[in-house]
Protein chains: 2
Amino acid sequence: MTEHTHKQYDAELEEVRSRFLQMGGLVESQITGAIDGLANGDLASLERVIARDAEVNRFEIELDEACSHILARRQPTAGDLRMMITVIKMITDMERAGDEAEKIARMAKLIHEAGRMNMPAVELWHMANTVVTMLRKALDAFARLDAQAAAQVVRQDKGVDAEWQGVIRQLITYMIEDPRKISRSIELLFIAKALERIGDHAKNMCELVVYMVKGRDVRHTGVDNVEREAAAN
Amino acid sequence: MTEHTHKQYDAELEEVRSRFLQMGGLVESQITGAIDGLANGDLASLERVIARDAEVNRFEIELDEACSHILARRQPTAGDLRMMITVIKMITDMERAGDEAEKIARMAKLIHEAGRMNMPAVELWHMANTVVTMLRKALDAFARLDAQAAAQVVRQDKGVDAEWQGVIRQLITYMIEDPRKISRSIELLFIAKALERIGDHAKNMCELVVYMVKGRDVRHTGVDNVEREAAAN
């Protein structure tokens, strides 16, 4: 490669990296927008979240195209290739996390339009905070090539799964106590499920970050092993 | 490339293709195993489904590794590169469809162990049949490079989404009529949700098949457009 080509190649990689971070920032604001809209019943802001899912989708299409161009024209190897494969897979998780935000917004709209708010004291808000934090940490770990920060998110997902089980139990109790609230409880159950899925996507992305940084595929190996590999030299 | 290298390269591509189809066959049998176990309460067969999810995971790890080797050493371009990118993305959907089968098996085990069977007449069996058919068609479309067959699956997913909405309504009615059956209904709701997700994964894979065959990214463009692009020369 000439120095010029080399610089251009680096610029292309950097462009993919920074566009992916932008996509992540958008998805993060979609999730907080949906959750805030659920809390305060601001229908206009819920509509905005629903409309902006198309932007998330555009990021997915554009980023995948940019990656396949780089693969075709630059034929990256070693760390650069791992970065490409990682981003190609992370894009999918990011887009689906965005889909979950849209689902939450639709459900929140339904709840408020039907005047069915009066939230039971489920742990939904805490769960929402946790998964937004996880997503932000996943993006930071990707940006800073920090495998150990990524491993922390994988660990955190265990907590989200436990909270999700707690929410199910709470909602079932709530429904049994007052069958008139079954419909609303099912809607809240779907919102909690969407949050749990966002946690999964953040975890998936973090396992990919460990692979990108360390070159070891840690998926399906258990969180203790993920932490070990992330800390290894 | 020498003729020898060329043959070896073709063999590597063929190996990835056929391993992916094997993975798909396994996931298909996982789903039918979970659903049959739900229907007939055969706990041993449900345990087998749960245990075999590890095999699905191994396929994911091995196939991703094979793809990244090919990308690094053969630096494929054009149709071969599209095939690699498609498989890398399809593997993720296939593994997650496998996860859903495992979730169904776990839920079915819970239902039968608690003696909570006596299924309400929800459309679960029909939905299960449909998504298994969709998955099989997705694999066939991939194997035969058949974009139009892939587009049919994208269309079929609309029907699954409608059935899923129907199941939710049925289960809510059921819970309101007999609050003692709330727990069981929630379990069935999760099973239906898992089936709906499997339908989504089959749809996602089929959109990727259209991209692989036609070179056009049809995601997020609507089913009419997917059909048009799949039929175009």
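Residues numbered from 1 in each chain as written. Chains lettered and ligands numbered in written order. Predicted model: local features only at pLDDT ≥ 70, side-chain atom pairs only at ≥ 80, totals over all residues. Heavy atoms only, no water.

A. Region of interest: the UniProt feature "domain: PhoU" (unreviewed entry) in chain A. UniProt's feature table lists "domain: PhoU" (unreviewed entry) at residues 21–107 and 126–209 of chain A, given in the numbering used throughout. The straight-line gap between the two end C-alpha atoms of residues 126–209 of chain A is 25 Å; of that span, 92% is helix and 0% is strand. (UniProt positions renumbered as here; feature names shortened; annotations may be inferred. Helix = DSSP H or I, 4+ residues; strand = E, 2+ residues; numbered from the N terminus.)

B. Highlighting unusual backbone geometry. Even without being glycine, His220(A) reaches a positive phi, approximately 65°. Among the secondary structure elements, His220(A) is positioned in the loop between helix H6 (182–214) and helix H7 (223–231). Positive phi, normally seen in glycine, also occurs at Ala78(B), with a value near 45°. Among the secondary structure elements, Ala78(B) is positioned in helix H3 (residues 78–113).

C. Spotlight on the environment of Ile168(B). Inspection of the secondary structure assignment puts Ile168(B) in helix H5 (residues 147–177). A relative accessible area of 10% places Ile168(B) in the buried class. With 157 residues separating them along the chain, Ile168(B) and Ala11(B) place their C-alpha atoms 47 Å apart. The residues contacting Ile168(B), other than those within four sequence positions of it, are Ile186(A), Phe190(A) and Leu189(B). (Buried < 20%, exposed > 50% of the residue type's maximum accessible area, 1.4 Å probe, protein only. Contact = heavy atoms within 4.5 Å.)

D. Inspection of the state of the cysteines at higher detail. The final tally for this structure, using the stated rule, is zero disulfides over all chains. Looking at the unpaired Cys67(A), the closest cysteine sulfur is the one in Cys67(B), lying at 15 Å. Residue Cys67(B) is classed as buried on the basis of its relative accessible area, which comes to 0%. (Disulfide = S-S within 2.5 Å.)

E. The arrangement of the packing of helix H4 (residues 124–143) of chain A against H6(A) in detail. Residue and element names in this part refer to chain A. Relative orientation of the contacting elements H4 and H6 amounts to 20°, with a least axis distance of 9 Å. By the angle class used here, H4 and H6 are roughly parallel. Where H4 crosses over H6, the handedness of that crossing is left-handed. On H6, the residues that touch Leu124, Met127, Ala128, Val131, Met134, Leu135, Ala138, Ala141 and Phe142 of H4 are Leu188, Ile191, Ala192, Leu195, Glu196, Ile198, Gly199, Ala202, Met205, Cys206, Val209 and Met212. Among the residues making up the contact of H4 with H6, the classes are represented as 19 nonpolar, one polar and one charged. (Axes fitted to C-alpha atoms, helices over the stretch in contact; angles between N-to-C directions. Parallel < 35°, antiparallel > 145°, perpendicular 65-115°, else oblique. Left-handed = near helix turned anticlockwise from the far one by under 90°. Nonpolar A, V, L, I, M, F, W, Y, C, P; charged D, E, K, R; others polar.)

F. Structural view of the pattern of salt bridges. Considering all chains together, one arrives at 46 salt bridges over all chains under this definition. Where Asp224(A) meets Arg155(A), a salt bridge forms, and the shortest distance between an N and an O atom there is 3.0 Å. Taken together, the positions of Asp224(A) in helix H7 and Arg155(A) in helix H5 (residues 147–177) put the pair 69 residues apart, joining distant regions of the chain. Accessibility expressed as a relative area gives 48% for Asp224(A), which makes it partly exposed. Where Arg74(B) meets Glu12(B), a salt bridge forms, and the shortest distance between an N and an O atom there is 2.7 Å. Residue Arg74(B) is found in helix H2 (residues 43–74), and its partner Glu12(B) is found in helix H1 (residues 3–40); the two are separated by 62 residues along the sequence. Arg74(B) sits in the buried class, given a relative accessible area of 11%. Where salt bridges share partners, they join Glu60(A), Asp64(A), Lys89(B), Asp217(B) and Arg219(B) into one cluster. (Salt bridge = Lys/Arg side-chain N within 4 Å of Asp/Glu carboxyl O.)

G. Layout of the relation of the copies chain A and chain B. Aligned on chain B, chain A shows an RMSD of 0.0 Å; the corresponding rotation is 180° and the shift along the axis is 0.0 Å. These values place the two chain copies in the arrangement generated by a two-fold rotation axis. When C-alpha distances to the rotation axis are compared across chain A, the minimum falls at Gln75(A), with a value of 2.9 Å. Most of the interface of chain A is mirrored in chain B, where 100% of its interface residues again form contacts. (Least-squares fit on C-alpha atoms with pLDDT ≥ 70 in both.)

H. Region of interest: the side chain of Asp157(A). All names here are of chain A. Structurally, Asp157 can be placed in helix H5. Although Asp157 lies buried, it forms no salt bridge, and the closest oppositely charged side chain, Lys203, sits 4.6 Å away as judged by the N-O distance. Non-local contacts of Asp157, meaning those with residues more than four positions away in its chain, are made with Met134, Gly199, Asp200 and Lys203. (Lys, Arg positive; Asp, Glu negative; His and termini not counted.)

I. Fine view of the packing of H1(B) against H3(B). Residue and element names in this part refer to chain B. Two elements in contact, H1 and H3, have axes whose closest approach is 9 Å; the angle formed by their N-to-C orientations is 20°. It follows from the interaxial angle that H1 and H3 lie roughly parallel. The interaxial crossing formed by H1 with H3 has left-handed handedness. A class-by-class count of the residues in the contact of H1 with H3 yields 22 nonpolar, five polar and three charged.

J. How the structure looks around helix H7 (residues 223–231) of chain B. All names here are of chain B. Burial in H7 covers these residues: Val223, Asn225, Val226, Glu229 and Ala230. All buried residues of H7 project into a common sector of 155° when viewed along the axis, lining one side. Those residues of H7 that are buried lie in contact with H5 and helix H6 (182–214). (Arc of directions from axis to C-beta.)

K. Molecular detail of the packing of aromatic side chains. Scanning all chains against the criterion turns up four aromatic pairs over all chains. For the pair Trp164(A) and Phe190(B), a centre-to-centre distance of 5.7 Å together with 65° between the ring planes defines the contact as edge-to-face. Taken together, the residues span two chains, with Trp164(A) in helix H5 and Phe190(B) in helix H6. Judged by relative accessible area, Phe190(B) falls into the buried class, the value being 16%. When the centroid spacing of 5.1 Å and the interplanar angle of 70° are considered together, the rings of Phe20(B) and Phe142(B) count as edge-to-face. Of the two residues, Phe20(B) sits in helix H1 while Phe142(B) sits in helix H4 (residues 124–143), which places them 122 residues apart along the sequence. (Phe/Tyr/Trp six-rings, centres within 6.5 Å; stacked < 30°, edge-to-face > 60°.)

L. Region of the structure containing the interface of chain A and chain B. Contact with chain A, which involves 37 residues of that partner, is made by 37 residues of chain B. Of the roughly 3300 Å² buried between chain A and chain B on both sides combined, carbon and sulfur atoms contribute 62%. For chain A, the biggest contributors to the area lost against chain B are Lys89(A), Arg96(A) and His220(A); these three give 17% of the whole. On inspection of chain A and its partner chain B, the count reaches eight salt bridges. Measuring nitrogen to oxygen at the nearest pair gives 3.1 Å for the salt bridge that ties Lys89(A) to Asp64(B). (Buried area = accessible area lost by both parts, 1.4 Å probe.)

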